[in-house]
Amino acid sequence: ISTGDMLRAAVKAGTQLGLRAQQVMQSGGLVSDEIVLGIVEQRLQEQDCVAGFVLDGFPRTISQADVLETILSNSSRAIQHVLSLEVASDELVARLSGRRSCSVCGKGYHLVFDPPLRDDVCNACGSVLIQREDDREDTVRNRLAVYEQQTAPLKEYYMSKGLLRPIVGVGSIAEIQQRIKKVLES
Ligand code: AMP
């Protein structure tokens, strides 16, 4: 469950919530807790969450984490693992600013690490590739500053609860996936 994906879908659909979130997302800031908590609380009530779920990009602040704990405990659930993918800032800027995705099927690419066969065209469906507004370099740097200020304190928060699992986030997708699997299975 990716809050970023859900917010981007709301922006694309032009819903009232999307309109409220759009500007702050473009600048790389955080959408208000009220908006994000509303969509997460609703999503966690869906049937496909009964057996468990993975959250991506949420919580991003201590106050979101506190509310998440209440939401889960109200339905007798609890977090089992918090995965922290550790990657140096310069590498993150290179990864995000080269990221592209298909405007139709959503397939992801990277201009250097996983380029399409033809410039700006999706290998899978032939549609045009686009860059996320907030993947432009100056916005990425702002997102990293917001992360340091508002999200990084969550590491301490979850470490004190014995839930934090730091993962080296450098290497191939397959290597990182193996590291995550090992942590979840141990
Ligand atoms: P992401 O796809 O996770 O990088 O999220 C893209 C953007 O959506 C972020 O830069 C924020 O503007 C917004 N967003 C996503 N998740 C959250 C969250 N948990 N709290 C506040 N804003 C969020």
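The preceding data block contains the structure.
Residues numbered from 1 in each chain as written. Predicted model: local features only at pLDDT ≥ 70, side-chain atom pairs only at ≥ 80, totals over all residues. Heavy atoms only, no water.

A short note on the site of the ligand
Put simply, the rule is: Any residue with a heavy atom lying within 4 Å of a molecule or strand is counted as near it. Whenever two N or O atoms come within 3.5 Å, that pair is a polar contact, provided that in protein one can donate a hydrogen and the other can accept it, and provided that, for residues adjacent in sequence, both atoms are side-chain atoms. Methods summary: accessible areas were calculated by the Shrake-Rupley approach with a probe of 1.4 Å, and residue burial reflects only the protein chains presented. Secondary structure elements follow DSSP: runs of H or I of four or more residues count as helices, runs of E of two or more count as strands, with numbering from the N terminus. Note on residue classes: Ala, Val, Leu, Ile, Met, Phe, Trp, Tyr, Cys and Pro are nonpolar, Asp, Glu, Lys and Arg are charged, and everything else, Gly too, is polar.
Neighbouring the ligand are 16 residues; Thr3, Arg8, Gly29, Gly57 and Gln64 lie closest to it. Between Gly29 and the ligand, the recorded distance is 2.6 Å, taken from a backbone N or O atom to an oxygen atom. Here an oxygen atom of the ligand and a side-chain polar atom of Arg143 are 3.2 Å apart. Contact with the protein chains hides 94% of the accessible area of the ligand, taken as 480 Å² for the molecule alone. A per-element tally of the shell around the ligand places helix α1 (residues 3-13) first, with four residues. Residues that form the shell around the ligand fall into these classes: six nonpolar, five polar and five charged.

Here we look at a nonpolar patch on the surface
Cut-off, in case you're wondering: For patches, a residue must show more than 30% relative accessible area and have no salt bridge; joins then use 9 Å for like charges and 5 Å for nonpolar side chains, namely Val, Leu, Ile, Met, Phe, Trp and Tyr. Any Lys or Arg side-chain nitrogen located within 4 Å of an Asp or Glu carboxyl oxygen qualifies as a salt bridge.
A cluster of nonpolar side chains, namely Leu111, Val112 and Phe113, defines an oily patch on the protein surface of about 330 Å² accessible area. Within the secondary structure layout, Val112 lies in the loop between β3 (108-110) and β4 (129-130).

Re the pattern of salt bridges
Here is the rule we go by: We call a residue buried when its accessible area falls under 20% of the maximum for its residue type, exposed when it is over 50%, and partly exposed in between, using a 1.4 Å probe and counting protein chains only.
For the structure on display, the rule yields eleven salt bridges. Where Asp48 meets Arg43, a salt bridge forms, and the shortest distance between an N and an O atom there is 2.8 Å. Here Asp134 and Arg132 are joined by a salt bridge, their closest N and O atoms 2.9 Å apart. On the basis of relative accessibility, which here comes to 23%, the residue Arg132 falls in the partly exposed class. The network of salt bridges with shared partners includes Arg99, Arg132, Asp134, Asp135 and Arg143.

What to know about unusual backbone geometry
In terms of backbone geometry, most residues other than glycine have negative phi values and most peptide bonds are trans. The step from Phe58 to Pro59 runs through a cis peptide bond, and the omega angle for that step is -5°. Structurally, Pro59 is set in the loop between α3 (33-43) and α4 (62-74). Non-glycine residue Ser76 carries a positive phi angle of around 55°. With respect to the helices, strands and loops of the structure, Ser76 is situated in the loop between α4 and β1 (82-86). Residue classification places Ser76 among the exposed residues on the basis of a relative accessible area of 71%. One non-glycine residue with positive phi stands out, namely Asp120, at about 60°. Asp120 sits in the partly exposed class, given a relative accessible area of 43%.

Some points on the sheet that holds β3
Just so we agree on the cut-off: Should DSSP find at least two bridges between two strands, the strands are regarded as paired. Any two residues whose heavy atoms approach within 4.5 Å at even a single point are treated as in contact. Simply put, an axis is a line fit to the C-alpha atoms, just over the touching stretch for a helix, and the angle between two N-to-C directions goes from 0 to 180 degrees.
What the three strands build is an open sheet, ordered β3-β2-β4; its pairing is antiparallel. Each of the sheet's edge strands pairs with one partner strand only, and the pair in question is β3 and β4. Pairing of strand β2 (residues 99-102) with β3, which is carried by three bridges, proceeds in the antiparallel orientation. Across the sheet, the residue bridging to Arg100 is Tyr109, located in β3. Strand contacts of helix α5 (residues 89-97): β2 and β3, with the helix running at about 30° to β2, the strand carrying the most contacts.

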